[in-house]
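# Geometric and topological summary
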Amino acid sequence: MSVSRFIIQGYHTYSIVQEPAFIELMKKAEPRYTVSSRKYFSQYHIPNAFEKAVNLIKSIIDNECKCVRSLSFTTDGWTSHSNESYISLTVHYVTEEWKLRHITLNHEYSKDQHTAANLNNLIVRLIEKWSFCKHIPMYFVTDNAPNLVAAIGKVSDGYTWKHLRCVAHSLQLAIVDAKKSTPNLDAPLIACRFIVGHYKQSSTAKARLLELQKKENMSPPLMLIQDIKTRWNSEYLMLQRIYE
């Protein structure tokens with residue numbers, strides 16, 4: 001059980017149980033223990049642990065959601081670096097004991113396109129899978145992506161739900177529009193990105209920057225930050241670091 005927990009919580013590959021160093025470590029920790037095969041963990045023990053976890057979560061939801069006044073859900077889809085599409089759904093609610101719960105209901109690979117109809121079907125399927133009561137008011141918080149807005153806008157028969165747009169994403173869209181309408185703002189941003197890119201790509205330049213900070217007694221030395229379009233505050237952090 002401990003090895004399975006080690007693999008799951010550390011996001012390790014199953015092949016780690018075959019690594020000579022891991023086997024040696026386990027022998028030193030407990031000489032009488034023989035590490036099971038990769039097949040044992042991948043096809044038996046961890047799948048069984050997953051089923052037990054699902055059943056436990058279902059029992060928690062069944063017991064606690066009988067008395068809640070409403071349920072909130074957050075959902076989003078994205079594409080991995082290997083160009084694989086994923087989608088997740090998380091439920092949030094407050095128990096009778098005033099404990100705030102966050103439970104991730106799924107995080108799964110999706111072969112279908114993230115159309116409004118497909119997303120709506122997925123949401124309904126998951127709600128039914130986890131046996132949420134239809135009479136409980138449900139609130140869905142998403143970003144402003146048109147497919148998600150349309151998916152949540154279509155309320156399935158028997159359900160009472162409402163769509164709430166993410167405040168942070170709405171604010172970010174307003175900031176983007178404000179930047180577009182502000183003259184001469186692009187030039188300093190482009191210049192800052194060029195500076196950061198230069199020191200990120202050149203090991204010589206990076207070493208020189210660290211040496212200059214050392215001469216100025218800056219401790220610890222600061223690294224430049226590259227802004228990323230999907231990380232909304234990264235542009236601000238990039239400018240702040242250059243100023244520092």
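Residues numbered from 1 in each chain as written. Predicted model: local features only at pLDDT ≥ 70, side-chain atom pairs only at ≥ 80, totals over all residues. Heavy atoms only, no water.

Assigned secondary structure in the protein consists of 9 helices and 5 strands. Starting at the N terminus and walking to the C terminus, you meet the elements of the protein as α-α-α-β-β-β-α-β-α-β-α-α-α-α. A compact globule built from 244 residues should have a C-alpha radius of gyration of about 18 Å, whereas the protein, at 25 Å, is more than 25% larger. Principal-axis analysis of the C-alpha atoms places the extent of the protein at approximately 60 × 60 × 40 Å. The burial tally for the protein puts 28% of its 244 residues in the buried class. A fraction of 49% describes how many contacts in the protein between residues 6 or more apart in sequence connect residues 24 or more apart. Accessible surface, the protein as shown: approximately 17000 Å² in total, 56% of it carbon and sulfur. Each charge sign in the protein was given a centre, from 30 positive and 22 negative side chains, and these centres are 3 Å apart. (Helix = DSSP H or I, 4+ residues; strand = E, 2+ residues; numbered from the N terminus. Rg over C-alpha atoms; globule rule 2.2 N^0.38 Å. Buried < 20%, exposed > 50% of the residue type's maximum accessible area, 1.4 Å probe, protein only. Contact = heavy atoms within 4.5 Å. Areas by Shrake-Rupley, 256 points an atom, 1.4 Å probe, with all protein chains shown as cover. Lys, Arg positive; Asp, Glu negative; His and termini not counted. Charge placed at Lys NZ, Arg CZ, Asp CG, Glu CD.)

Its 27 residues place the ends of helix H3 (residues 38–64) 37 Å apart at the C-alpha level, agreeing with the 39 Å of an ideal helix rising 1.5 Å per residue. Most pronounced at His45, the bend in H3 amounts to some 30 degrees, and the proline Pro47 follows within four residues. Residues of H3 that are buried include every one of Phe41, His45, Ile46, Ala49, Val54, Ile61 and Glu64, and no others. Those residues of H3 that are buried are in contact with helix H1 (2–9), strand E2 (85–94) and strand E3 (100–109). (Expected span 1.5 Å × (residues − 1). Bend = angle between axes of the 7 residues up to and from the residue.)

Across the sheet, 5 strands lie side by side as E3-E2-E1-E4-E5; this open sheet has mixed pairing. This sheet does not close on itself; its edge strands, each paired only once, are E3 and strand E5 (161–165). This sheet shows a mean twist of 20 degrees between the axes of neighbouring strands, independent of strand direction. Looking at chain direction, strand E1 (residues 71–79) and E2 are connected through 8 bridges and run antiparallel. (Pairing = 2+ DSSP bridges. Axes fitted to C-alpha atoms, helices over the stretch in contact; angles between N-to-C directions.)

Enumeration over the complete set of coordinates arrives at 7 aromatic pairs. With 4.9 Å between their ring centres and 15 degrees between their planes, Phe73 and Phe140 make a pair best called stacked. One end of the pair, Phe73, is in strand E1; the other, Phe140, is in strand E4 (residues 138–142), and 67 residues separate them in sequence. An identical accessibility class is assigned to Phe73 and Phe140; each is buried. Ring plane angle 70 degrees and centroid distance 5.0 Å describe the contact between Phe140 and Trp161, whose orientation is recorded as edge-to-face. Placement of the pair is Phe140 in strand E4 and Trp161 in strand E5, with a sequence separation of 21 residues. Each member of the pair, Phe140 as well as Trp161, carries the same accessibility label: buried. Taken together, the ring pairs connect Phe73, Phe132, Phe140 and Trp161 into an aromatic cluster. (Phe/Tyr/Trp six-rings, centres within 6.5 Å; stacked < 30°, edge-to-face > 60°.)

In contact at an axis separation of 8 Å, helix H4 (residues 116–129) and helix H5 (residues 146–153) are set at 50 degrees when each is read in the N-to-C sense. By the angle class used here, H4 and H5 are oblique. The chirality of how H4 crosses H5 is right-handed. For the pair H4 and H5, the contacting residues are Ala116, Leu119, Asn120 and Ile123 in the first and Asn147, Leu148, Ala150, Ala151 and Ile152 in the second. In the contact of H4 with H5, the residues fall into 7 nonpolar, 2 polar and no charged. (Parallel < 35°, antiparallel > 145°, perpendicular 65-115°, else oblique. Left-handed = near helix turned anticlockwise from the far one by under 90°. Nonpolar A, V, L, I, M, F, W, Y, C, P; charged D, E, K, R; others polar.)

Attention shifts here to the environment of Val54. Position of Val54 among the secondary structure elements: in helix H3. By relative accessible area, Val54 is classed as buried at 14%. Residues Val54 and Ile228, spaced 174 residues apart in sequence, show a C-alpha to C-alpha distance of 35 Å.

Within the structure shown, the criterion is met by 8 salt bridges. The shortest N-O distance in the salt bridge between Arg32 and Glu30 comes to 2.9 Å. The partner of Lys179 in a salt bridge is Glu235, with the nearest N and O atoms 2.7 Å apart. With a gap of 56 residues between them, Lys179 in helix H6 (residues 167–180) and Glu235 in helix H9 (residues 234–243) connect regions that are remote in the sequence. Since its relative accessible area comes to 16%, Glu235 is described here as buried. One salt-bridge network, in which partners are shared between bridges, spans Lys179, Arg193, Asp227 and Glu235. (Salt bridge = Lys/Arg side-chain N within 4 Å of Asp/Glu carboxyl O.)

Sheet analysis places E4 next to E5, joined by 5 bridges and oriented parallel. Looking at the pairing, Val141 lines up with Leu164 of E5. The β-α-β motif built from E4, the intervening H5 and the parallel element E5 has right-handed crossover chirality. (Right-handed = clockwise from strand over helix to strand, strands pointing away.)

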